[in-house]
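Below are the chains, spelled out letter by letter.
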Amino acid sequence: MKKTIIANNIPSYIIENLEHRGYRIVDNSYEGYVDAILFDSNNSSLGYLNVFDNVIDMNYGAFLVDVNNKTIDEIESILLNRRYSSIF
């Protein structure tokens, strides 16, 4: 099952590509739990995260992904593996 992701100030081509790959992209009005929160460190800060308190499953957590300078394949790899790079 693909992940539910909040995207804040993310370029539309990233959102469209992830939706095409089966991800559910929602905004901060979403009231269910999310697997990841996408942000662009070049265009926004993390100060907006307090609005997502109601969507983060505290038992599992939502993974923060900085999409700045990353390809769609790199973003998807991060989402699937819940880490930015291989341990080895």
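Above this text sits the structure in question.
About the thresholds
Residues numbered from 1 in each chain as written. Predicted model: local features only at pLDDT ≥ 70, side-chain atom pairs only at ≥ 80, totals over all residues. Heavy atoms only, no water. Core = buried A, V, L, I, M, F, W, Y, C linked by side-chain atoms within 4.5 Å. Buried < 20%, exposed > 50% of the residue type's maximum accessible area, 1.4 Å probe, protein only. Helix = DSSP H or I, 4+ residues; strand = E, 2+ residues; numbered from the N terminus. Arc of directions from axis to C-beta. Contact = heavy atoms within 4.5 Å. Pairing = 2+ DSSP bridges. Axes fitted to C-alpha atoms, helices over the stretch in contact; angles between N-to-C directions.

Trainee: Hey, could you run me through the nonpolar core in this one?
Mentor: For soluble globular proteins, nonpolar side chains are generally found buried alongside one another. The biggest cluster of nonpolar side chains holds 16 residues, and the ones touching the most others in it are Ile-5, Ile-14, Leu-18, Leu-38, Val-65, Val-67 and Leu-79. Top contributing element to this core by residue count: helix H2 (residues 72–81), with four residues. In this structure, Val-26, Tyr-30, Val-34 and Ile-37 belong to the second largest nonpolar core, which totals five residues.

Trainee: Is there a simple way to think about H2 in this case?
Mentor: Turn by turn, an α-helix covers 3.6 residues, leaving residues three or four places apart pointing in a common direction. Buried residues of H2: Ile-72, Ile-75, Glu-76, Ile-78 and Leu-79, and no others. What you see down the axis of H2 is that its buried residues fit within an arc of 160 degrees, all on one side. Opposite its buried face, H2 presents the exposed residues Asp-73 and Leu-80, each directed more than 90 degrees away. Where the residues of H2 are buried, they touch strand E1 (4–7), helix H1 (12–20), strand E3 (36–39) and strand E4 (63–66).

Trainee: I keep staring at the sheet that holds E4 and nothing clicks. Help me out?
Mentor: The strands that make up a sheet pair up through hydrogen bonds in the backbone, lying either parallel or antiparallel. In space, the four strands of this open sheet follow the order E2-E1-E3-E4, with parallel pairing throughout. Each edge of the open sheet carries a strand with a single partner, namely strand E2 (24–26) and E4. Recorded for the sheet is a direction-independent mean angle of 30 degrees between the axes of neighbouring strands. Across three bridges, E1 lies against E3 in parallel orientation. Following the sheet pairing, Ile-5 is matched in E3 by Ala-36.

None of the figures reported here should be taken as evidence of function without further support.
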